[in-house]
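# A structural walkthrough
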Amino acid sequence: MQSRRHFAKTIATALVAVPAVAALSVCDNTQTTNGANNNNGTTNPTPRPTPIPTHLETGSEPPIIMDGGSCEISTLVEFSPKSGQQNHFEFKPGQTIYKGVKGVNVLNEYGSTLHSYTLTGSQALTVNVWFGAVKSISGDDVDYDPPETDPQVVLKADAAGSSFDLFAADGLGQRKSEFKGRKLGKKYVIDKWKNGAKEFHLAKVQVLVDGQGDIFDQAGLGFTVVIVFNP
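Presented here is an overview of the structure given in this document. Note that the coordinates shown come from a computational prediction; the quantities given were computed from them, not determined experimentally. (Residues numbered from 1 in each chain as written. Predicted model: local features only at pLDDT ≥ 70, side-chain atom pairs only at ≥ 80, totals over all residues. Heavy atoms only, no water.)

## Regarding the pattern of salt bridges
Counting across every chain of the model gives six salt bridges. Salt-bridge contacts for Glu78 lead to Arg175; the nearest nitrogen and oxygen are separated by 2.9 Å. Of this pair, Glu78 sits in the loop between strand S4 (71-75) and strand S5 (79-81) while Arg175 sits in strand S13 (residues 174-180), placing them 97 residues apart in sequence. Here Arg175 falls in the partly exposed class, since its relative accessible area comes to 39%. Among the salt bridges present, the one from Lys135 reaches Asp143, with a minimum N-O distance of 3.4 Å. Looking at Asp143, the relative accessible area reads 36%, which means it is partly exposed. (Salt bridge = Lys/Arg side-chain N within 4 Å of Asp/Glu carboxyl O. Helix = DSSP H or I, 4+ residues; strand = E, 2+ residues; numbered from the N terminus. Buried < 20%, exposed > 50% of the residue type's maximum accessible area, 1.4 Å probe, protein only.)

## Side note on the side chain of Thr126
Its location among the elements puts Thr126 in strand S9 (residues 124-138). Of the residues examined, Thr126 reaches a relative accessible area of 18% and is grouped as buried. If we skip the residues at most four places from it in the chain, Thr126 touches Val154, Leu155, Lys156, Gln206, Val207 and Leu208. (Contact = heavy atoms within 4.5 Å.)

## Looking at the nonpolar core
Counting 39 residues, the largest nonpolar core has Phe79, Leu125, Phe131, Leu166, Val207 and Ile227 as its most contacted members. Those residues within four positions of Phe131 in sequence are excluded, and the remaining contacts are Cys71, Pro147, Gln152, Val153, Ile190, Trp193, Phe200, His201, Leu202 and Ala203. (Core = buried A, V, L, I, M, F, W, Y, C linked by side-chain atoms within 4.5 Å.)

## Details of the packing of aromatic side chains
According to the stated counting rule, one finds nine aromatic pairs in the structure shown. Centre to centre, the rings of Phe79 and Phe91 are 5.7 Å apart; their planes meet at 10 degrees, and the pair counts as stacked. You can see Phe79 sitting in strand S5 and its partner Phe91 sitting in strand S6 (residues 88-91), a full 12 residues away along the chain. For the residue pair Phe79 and Phe91, the accessibility class agrees, reading buried in each case. Relative to Phe200, the ring of Trp193 has its centre 6.4 Å away and its plane inclined at 75 degrees; by these criteria the two rings are edge-to-face. Take Trp193 and Phe200: they sit in the same class, and that class is buried. One aromatic cluster in this structure is built from Phe79, Phe91, Phe164, Tyr188 and Phe229. (Phe/Tyr/Trp six-rings, centres within 6.5 Å; stacked < 30°, edge-to-face > 60°.)

## Re unusual backbone geometry
Here Asn87, not a glycine, exhibits a phi torsion of approximately 65 degrees, which is positive. Tracing the backbone through its elements, the reader meets Asn87 in the loop between S5 and S6. One non-glycine residue, Asp210, adopts positive backbone phi at about 50 degrees. Relative to the assigned elements, Asp210 resides in the loop between strand S15 (200-209) and strand S16 (212-216). Using a relative accessible area of 46% as the deciding quantity, one classes Asp210 as partly exposed.

## Things to note about the pairing of S9
Sheet faces and side chains relate simply in a regular strand, where the side chains alternate between the two faces. Alignment of S9 against strand S11 (residues 153-158), held across six bridges, turns out to be antiparallel. Bridging across to S11, Val127 finds its partner in Leu155. In this structure, S9 lies alongside S15, joined through nine bridges in antiparallel fashion. Within S15, the residue paired with Phe131 across the bridge is Leu202. Count of turn residues in the S9/strand S10 (residues 141-144) antiparallel hairpin: two residues, of which Gly139 carries a positive phi of about 65 degrees. (Pairing = 2+ DSSP bridges.)

## Some thoughts on the pairing of strand S14 (residues 183-190)
For S14, the tally of buried residues reaches six of eight residues, placing the bulk of the element in the interior. Summarising the sheet, S4 and S14 pair through five bridges and their orientation is antiparallel. In the strand pairing of S14, Glu72 is matched with Val189. Pairing of S13 with S14 involves seven bridges; the strand directions are antiparallel. Of the residues in S14, the one forming a bridge with Arg175 is Tyr188. Counted along the chain from S13 to the antiparallel partner S14, the turn is two residues long, and its residue Gly181 has a positive phi close to 65 degrees.

So, in structure tokens, the structure goes:
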């Protein structure tokens, strides 16, 4: 999961785990002109590494993915509840590792970038995330309810570093420790919704910079949103 991103001071928050896919190599015995000579003057074929395909024959994405749960919020610092605002969170006081937002990257579940955004000056960022609750399961097929009007997770911050607010409708869930290179980070896992009664997927993500942006609603691809902060 760590292979697709470098965690330094600039990487702040990721909604949903970034997947990692490992490609292996094998050797074929195809004869080449630069092989070793035998005593009889013939040339032995030189084994050469051949990548095992990591893409399906009928598509463009790898067939095996390792990723996290329904919604994970991963960070190098810790969140603490905001006073007087239920289910609103801020960076725990005294943590100065992050300043203003530098940019945002939206990826699908295969790690492919869907869109990147850059913030400058006093521009403001809003990330809205909607869940889709599981409606029915038939064999391996899952049907979901459409997303509700209001998002279930909302992150607001700005490029100047003067504001940060994270809202999660049912709270941030269980906090776990997560190794991020030489830093021990935090991962907040939301795996149930509606007071723990519903499993879900991420149905829709919206990224806005100063009120302008895009909606990503191809839920079959999954989503990862990486918020990059200035060091």
